[in-house]
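The lines below spell out each chain.
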Amino acid sequence: MPPYNTPPGREGEAKTTMSDETELYLDHKLKFAKAYPFDRPDHSYLFVSGEDGDKSTAALPDWQAFLKEEQVKGIKRYAVLACGSNASPLQLRRKYAGHRGVIPVVKALLRDHDSVFCPQLAGYGSIAATLQISTGSTLHMHVTFLTDEQLSVMNATEGGYDYCLLKDIHVSLPGSSILTSAFAYLHKTGAFINEGECIALSAMKCEDRKFRALAQVDALTLAAETLCEEPGDNFIMRVLSGKKNHEWSNKLAMASVAYAGPYEKVEPLSKKPSILPSDTVTVW
């Protein structure tokens, strides 16, 4: 049967159209893979799930007043660090598609840390991020404040990561607010290592950075070379296919180092309703 049920005699035209659409689709997938960690506002904002485009973000002039008002309503939220794409409206739209609600995404500074590449090749073609200690550095990032339900959704999207409570940290938030503990997703095998050091994400701003920094496309090239594969779009397409991602990620993980700071692995909310005693958890 001709594609798209085209009239007799026009099968060739339909095939060309389908090929063009496929090419545009693949081009979009390649651009998406290379764009990680995606655009993130350089300010605090309110993410509105279930909305598209600009409607998915709203101003958040006073995040503390917003959280205090929700507290009065009995809404509990957990402070979860976003060191990569989880601060991007684009990624949040993907993860919370079909869910309604709002998420405060608050601009923050995290002392003595950097955002580095992990050894995992994601299904959407990118190499994702994880946190690592970097004494003297200050990472510009965001904190997402998630409800129980939102946290369960996020946990389900973080394959390859452990949901952890970081301790003895220093997170500066607008309004002179400081967090000394917060939740974060740490990659199970740690940070990818090349030539004896972690590789930072150049797309994530960090003051007094100690690690070498690469853009996503350069990190993918480095991964391909480490795996003795030909770098370039063909490699990214093979990552997108997912056929060898588990094998390749395991090979990359052979050169990795665990998070060097104090932390405690926590069971996801979906499995354990009460994470930790409330007096030890960063809850607003």
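Just so it is clear, the structure is predicted and the values come from calculations on it, not from any experiment.

A. Up close: the pairing of strand β8 (residues 191-194). Of the two faces of β8, both are covered, the one formed by Ala-191 and Ile-193 as well as the one formed by Phe-192 and Asn-194. Of the pairings in the sheet, the one linking β8 to strand β9 (residues 197-201) comprises two bridges and is antiparallel in character. By the bridge assignment, Asn-194 is partnered in β9 with Glu-197. The turn joining β8 and β9, which pair antiparallel and follow one another in sequence, is formed by two residues; a positive phi near 55° is taken by Glu-195.

B. Main features of the nonpolar core. Counting 77 residues, the largest nonpolar core has Leu-81, Leu-121, Leu-131, Leu-166, Val-171 and Leu-173 as its most contacted members. With nine residues, strand β5 (residues 127-146) is the largest single contributor of residues to this core. The contacts of Leu-166, once residues within four sequence positions are left out, are Leu-81, Leu-131, Thr-180, Ser-181, Ala-182, Ala-184, Leu-186, Tyr-259, Pro-262 and Tyr-263. Counting six residues, the second largest nonpolar core, distinct from the first, contains Val-116, Ile-193, Cys-198 and Phe-211.

C. Representation of the side chain of Ser-44 in the model. Secondary-structure assignment places Ser-44 in the loop between α1 (11-35) and β1 (45-49). Given the relative accessible area of 14%, Ser-44 is considered buried. For Ser-44, the side chain forms a polar contact with the main-chain nitrogen of Lys-107, separated by 2.9 Å. Filtering out sequence-adjacent residues up to four positions away, Ser-44 remains in contact with Leu-60, Val-105, Val-106, Lys-107 and Pro-174.

D. Region of interest: helix α7 (residues 245-253). Listed as buried for α7 are Asn-245, Trp-248, Ser-249, Leu-252 and Ala-253. Buried residues along α7 cover an arc of 140° about the axis, so they all sit on one side. Buried residues belonging to α7 abut β4 (101-121), β8, α5 (216-226), α6 (233-241) and β12 (256-257).

E. Up close: the pattern of salt bridges. Applying the stated rule across the entire model yields 14 salt bridges. As a salt-bridge pair, Asp-42 and Lys-107 come within 3.2 Å of each other at their nearest N and O atoms. You can see Asp-42 sitting in the loop between α1 and β1 and its partner Lys-107 sitting in strand β4, a full 65 residues away along the chain. Judged by its relative accessible area of 61%, Asp-42 falls in the exposed class. On the accessibility criterion, Lys-107 (18% relative accessible area) is buried. Here Lys-244 and Glu-247 are joined by a salt bridge, their closest N and O atoms 3.9 Å apart. On the accessibility criterion, Glu-247 (34% relative accessible area) is partly exposed.

F. Main features of the environment of Ile-236. Here Ile-236 is to be found in helix α6. Aside from chain neighbours lying at most four places away, what touches Ile-236 is Leu-30, Ala-33, Lys-34, Gly-125 and Leu-220.

G. Fine view of α6. What α6 keeps buried is the set Phe-235, Ile-236, Val-239 and Leu-240. Mapping the buried residues of α6 onto a view down its axis gives an arc of 145°, with all of them on the same face. In the stretch just after α6, Gly-242 is the one whose phi turns positive, near 75°.

Reading guide: rules and limits
- Residues numbered from 1 in each chain as written.
- Predicted model: local features only at pLDDT ≥ 70, side-chain atom pairs only at ≥ 80, totals over all residues.
- Heavy atoms only, no water.
- Buried < 20%, exposed > 50% of the residue type's maximum accessible area, 1.4 Å probe, protein only.
- Helix = DSSP H or I, 4+ residues; strand = E, 2+ residues; numbered from the N terminus.
- Pairing = 2+ DSSP bridges.
- Core = buried A, V, L, I, M, F, W, Y, C linked by side-chain atoms within 4.5 Å.
- Contact = heavy atoms within 4.5 Å.
- Polar contact = N/O pair within 3.5 Å; in protein donor to acceptor, adjacent residues only side chain to side chain.
- Arc of directions from axis to C-beta.
- Salt bridge = Lys/Arg side-chain N within 4 Å of Asp/Glu carboxyl O.

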